[in-house]
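Per-entry structural report
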Amino acid sequence: EDQVTQSPEALRLQEGESSSLNCSYTVSGLRGLFWYRQDPGKGPEFLFTLYSAGEEKEKERLKATLTKKESFLHITAPKPEDSATYLCAVRADSGSARQLTFGSGTQLTVLP
Amino acid sequence: GAVVSQHPSRVICKSGTSVKIECRSLDFQATTMFWYRQFPKQSLMLMATSNEGSKATYEQGVEKDKFLINHASLTLSTLTVTSAHPEDSSFYICSARDRGTYNEQFFGPGTRLTVL
């Protein structure tokens, strides 16, 4: 069974204090690892897709990396507007290849 | 980027009535659409997967007669909550998989359903 575990559950940072969010996964045949951002009362906003170990992608203050067991979302010099819940999801060969398996998310709060 | 819209964004109805939620992919074709439900402070729970022109596949524990899904075209899917009850109150989110990029999946803004 595919499993996705995100840590920490919640993270509070001061503005400008860089940090990383973790997503550990156990799947049979990874077809893609996805990062989303979700604001309260809204649907998830797509950030990145990573397909193979060693791959990295960047967008503004965010950088996502992938190994064979986990992915990190690095946040450099965060701002209060980066506050949100960050969701990690995987699509794998096991089960239905069309479905995403989500982690429980990391709630990030950036204080001014 | 790809845009998925949902309508309505918020609906309040009386117990026993039916509610229809529309999901549209605005700038891409979606062969597969997904419907999720999300409870407060919890992650997304997949309810069903639908492919254009065929019957939806429901997850275990989801009543297909209560949550009717129609995927009539490559850009439109609807979820109808039939005979809604207060326990159906939740945040419903649709998602569409881009036919062009195959793997990327985009989400709508969600619909907040409150059943009185």
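Everything below is about the structure shown above.
Model, not experiment: these values are computed from the prediction.

**Some words on the overall build of chain A**
Scanning chain A for helices and strands turns up zero helices and 11 strands. Scanning chain A from its N terminus toward the C terminus, one meets helices and strands in the order β-β-β-β-β-β-β-β-β-β-β. Seen through its principal axes, chain A has C-alpha atoms that stretch 45 × 30 × 20 Å. By residue count, 44% of the 112 residues in chain A fall in the buried class. For chain A, the accessible area works out to roughly 5400 Å², and carbon and sulfur atoms hold 46% of it. With 13 positive and 15 negative side-chain charges, chain A shows a separation of 4 Å between the mean positions of the two kinds.

**Notes on the environment of A:F46**
Counting through the fold element by element, A:F46 comes out in strand β5 (residues 45–50). In this structure the C-alpha to C-alpha distance between A:F46 and A:L73, which are 27 residues apart in sequence, comes to 13 Å. Sequence-distant contacts of A:F46, that is, excluding residues within four places in its chain, are made with A:F34, A:W35, A:Y36, A:K59, B:E104, B:Q105 and B:F106.

**Side note on the nonpolar core**
Nonpolar side chains tend to gather and get buried jointly when the protein is soluble and globular. In terms of nonpolar packing, the biggest core is built from 40 residues, with A:Y36, A:F102, B:Y36, B:F67 and B:L113 touching the most fellow members. For A:F102, the contacting residues outside a window of four places in its chain are A:V4, A:Y36, A:L87, A:C88, A:A89, B:Y36, B:S43, B:L44 and B:F107.

**What about the packing of aromatic side chains?**
The geometry of an aromatic ring pair comes down to the distance between the two centres and the angle between the two planes. The full count for this structure, using the stated rule, is 11 aromatic pairs over all chains. Residues A:F102 and B:Y36 carry aromatic rings whose centres are separated by 5.9 Å and whose planes lie at 90 degrees to one another, so their mutual orientation is edge-to-face. You can see A:F102 sitting in strand β10 (residues 101–102) and its partner B:Y36 sitting in strand β4 (residues 30–38), one on each of two chains. You'll find A:F102 and B:Y36 in the same group, each marked buried. Ring plane angle 40 degrees and centroid distance 6.5 Å describe the contact between B:F34 and B:Y36, whose orientation is recorded as tilted. For B:F34, a relative accessible area of 0% corresponds to the buried category. Clustering of aromatic rings is evident, with ring pairs tying together A:F34, A:Y36, A:F46, A:F102, B:F28, B:F34, B:Y36, B:F106 and B:F107.

**Some words on the sheet that holds strand β1 (residues 3–7) of chain A**
All names here are of chain A. Reading across the sheet, the five strands line up as β1-β3-β8-β7-β6 and stay open at both edges, with antiparallel pairing between neighbours. Both outer strands of the open sheet, β1 and β6 (56–59), are each paired with one neighbouring strand and no more. Sheet twist, expressed as the average angle between the axes of neighbouring strands with direction ignored, equals 15 degrees. Bridge count for strand β3 (residues 19–26) against strand β8 (residues 70–75) is six bridges, and the pairing is antiparallel. Note that in β8 the partner of S20 across the bridge is H74.

**A look at the interface of chain A and chain B**
In this complex, chain A contributes 21 residues to the contact, which on the side of chain B involves 24 residues. Overall, the association of chain A and chain B removes approximately 1700 Å² of surface from exposure, summing both partners, and the carbon and sulfur fraction of that is 47%. For the pair chain A and chain B, the number of links is zero salt bridges. Those elements that place two or more of their residues in the side of chain A that touches chain B are β4 (30–38), β5 and β9 (84–92) of chain A. Looking at the side of chain A that touches chain B, the element that brings in the most residues is β4(A), giving four residues. Of the residues contributing to the side of chain A that touches chain B, the split by class is nine nonpolar, eight polar and four charged.

**Some thoughts on the layout of surface pockets**
Space inside the largest pocket adds up to approximately 540 Å³. As for the largest pocket, its lining consists of 23 residues, of which A:T85, A:Q107, B:Q38, B:K41 and B:Q42 are closest to the centre. Among the elements of the structure, β9 and β11 (106–111) of chain A are those that each provide at least two residues to the lining of the largest pocket. Each residue belonging to the lining of the largest pocket can be placed in one class, and the counts come to seven nonpolar, 11 polar and five charged.

**Topic: the pattern of salt bridges**
Opposite charge on two side chains permits pairing when their charged atoms draw close. Considering all chains together, one arrives at six salt bridges over all chains under this definition. The salt bridge involving A:E55 is made with A:K57; its shortest N-O contact spans 3.9 Å. Ionic pairing is found between B:D88 and B:K66, a salt bridge with its closest N-O pair at 3.0 Å. Residue B:D88 is located in the loop between β8 (76–81) and β9 (90–98), and its partner B:K66 is located in the loop between β6 (57–58) and β7 (67–73); the two are separated by 22 residues in the primary sequence. Judged by relative accessible area, which is 12%, B:K66 ranks as buried.

What counts, and where the lines are drawn
Residues numbered from 1 in each chain as written. Chains lettered and ligands numbered in written order. Predicted model: local features only at pLDDT ≥ 70, side-chain atom pairs only at ≥ 80, totals over all residues. Heavy atoms only, no water. Helix = DSSP H or I, 4+ residues; strand = E, 2+ residues; numbered from the N terminus. Buried < 20%, exposed > 50% of the residue type's maximum accessible area, 1.4 Å probe, protein only. Areas by Shrake-Rupley, 256 points an atom, 1.4 Å probe, with all protein chains shown as cover. Lys, Arg positive; Asp, Glu negative; His and termini not counted. Charge placed at Lys NZ, Arg CZ, Asp CG, Glu CD. Contact = heavy atoms within 4.5 Å. Core = buried A, V, L, I, M, F, W, Y, C linked by side-chain atoms within 4.5 Å. Phe/Tyr/Trp six-rings, centres within 6.5 Å; stacked < 30°, edge-to-face > 60°. Pairing = 2+ DSSP bridges. Axes fitted to C-alpha atoms, helices over the stretch in contact; angles between N-to-C directions. Buried area = accessible area lost by both parts, 1.4 Å probe. Salt bridge = Lys/Arg side-chain N within 4 Å of Asp/Glu carboxyl O. Nonpolar A, V, L, I, M, F, W, Y, C, P; charged D, E, K, R; others polar. 1 Å grid on protein atoms, 1.4 Å probe; cavity = no way out; pocket = protein on both sides within 12 Å on 5 of 7 lines; lining within 4 Å. Points joined across faces, edges and corners; volume = space filled by probe spheres on them.

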